[in-house]
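Here are the chains, one letter per residue:
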Amino acid sequence: AEALLALQTTLKQMEGQPETPMMGMMLMSQAMELLPKFLAKSPEINVTQLSVTTPKGNFDGNLNVRLDGTKATALDTSVLLSALQAQAEISIGKNLLKQVVISQAYDSLLAQANNKEEELSQDELAQLQKQANDNAELQLQMLVVMQLLTEADDDNYKLVANLKEGKLTLNGQQMHLPFGAPQR
């Protein structure tokens, strides 16, 4: 609470003043000074229930993220990662996830196609949409085969994630962390 209060005080003092690079540096310096005090208190975020309902399907989940202040002894990525503990459980409607993946695939394909000088015809746009649908179907099948998604039931996928001592597990499968993972 003390560290947060000090940061809030600094922010209030800066309120109304024009933003300058020097102010940004001062704020960053203050935050870096207070961060160890904040981390020492073992901060935790707990979302016990998150539910989103859409016409395409539902998204339900819970999340707990905690930083063990006794292990967060330095502002180093691998040290902080080993002090971080997180658990998440997510259920998402198959149709909802498929629509999200299709939309991303289509946007990506459209961006690639728009690099050309000529405008796309309706047939070309329809072909891109079909390709996006096919790509999405393949991606989702691959995630299920790799057990990164599991089929909770006929209508939903499920994902259970755990991060502890720098090790990430998705649906029971240990995953490689691409950044700052402690070497063991």
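The coordinates are above.
Criteria and cut-off values
- Sequence positions are assigned chain by chain, starting from 1 and proceeding in written order.
- Two thresholds apply to this predicted model, a pLDDT of at least 70 for residue-level local features and 80 or more for giving and counting side-chain atom pairs, whereas whole-chain, interface and lining totals are computed over all residues.
- Note that the side-chain values use all heavy atoms of the structure and ignore hydrogens as well as water.
- Each salt bridge in this description consists of a side-chain nitrogen of Lys or Arg and a carboxyl oxygen of Asp or Glu lying within 4 Å of one another.
- We count a stretch as a helix when DSSP gives it H or I for four or more residues in a row; a strand needs E for two or more, and each element gets its number in order from the N terminus.
- Only protein chains enter the accessibility calculation, which uses a 1.4 Å probe; a residue whose area is less than 20% of its type maximum is buried, one above 50% is exposed, and one in between is partly exposed.
- Each residue after the first adds 1.5 Å to the expected span of a helix.
- Contacts: residue pairs with any heavy atoms within 4.5 Å of one another.
- Whether two strands pair comes down to DSSP finding at least two bridges between them.

Asks: Before we move on, can you summarise the pattern of salt bridges with the specific residues and values?
Replies: In this structure the tally under the stated criterion is 5 salt bridges. Between glutamate 165 and lysine 71 there is a salt bridge, with its nearest N and O atoms 4.0 Å apart. Taken as a pair, glutamate 165 in the loop between strand S5 (156–164) and strand S6 (167–170) and lysine 71 in the loop between strand S2 (57–67) and helix H3 (77–83) lie far apart in primary sequence, 94 residues in all. Classification of glutamate 165 as partly exposed rests on a relative accessible area of 36%.

Asks: An account of helix H1 (residues 2–14) is requested, with residue identities and associated values reported.
Replies: Given a rise of 1.5 Å per residue, 13 residues ought to cover 18 Å, and the 19 Å separating the end C-alpha atoms of H1 matches this to within 8%. Where H1 is buried, its residues meet helix H2 (21–40). With its phi angle positive at about 85°, glycine 16 sits one or two positions after the end of H1.

Asks: Describe the pairing of S6, listing the residues and the values that go with them.
Replies: Pairing between S5 and S6: 4 bridges, direction antiparallel. Paired with leucine 163 across the bridge in S6 is leucine 168. Counting the residues in the hairpin turn of S5 and S6 gives 2 residues, including glutamate 165, whose phi is positive at 55°. Bridging between S6 and strand S7 (residues 173–175) involves 3 bridges; their strand directions are antiparallel. Residue pairing across strands places leucine 168 opposite methionine 175, the latter belonging to S7. Once S6 ends, the chain turns through 2 residues before running back antiparallel as S7, passing asparagine 171 with a positive phi of about 50°.

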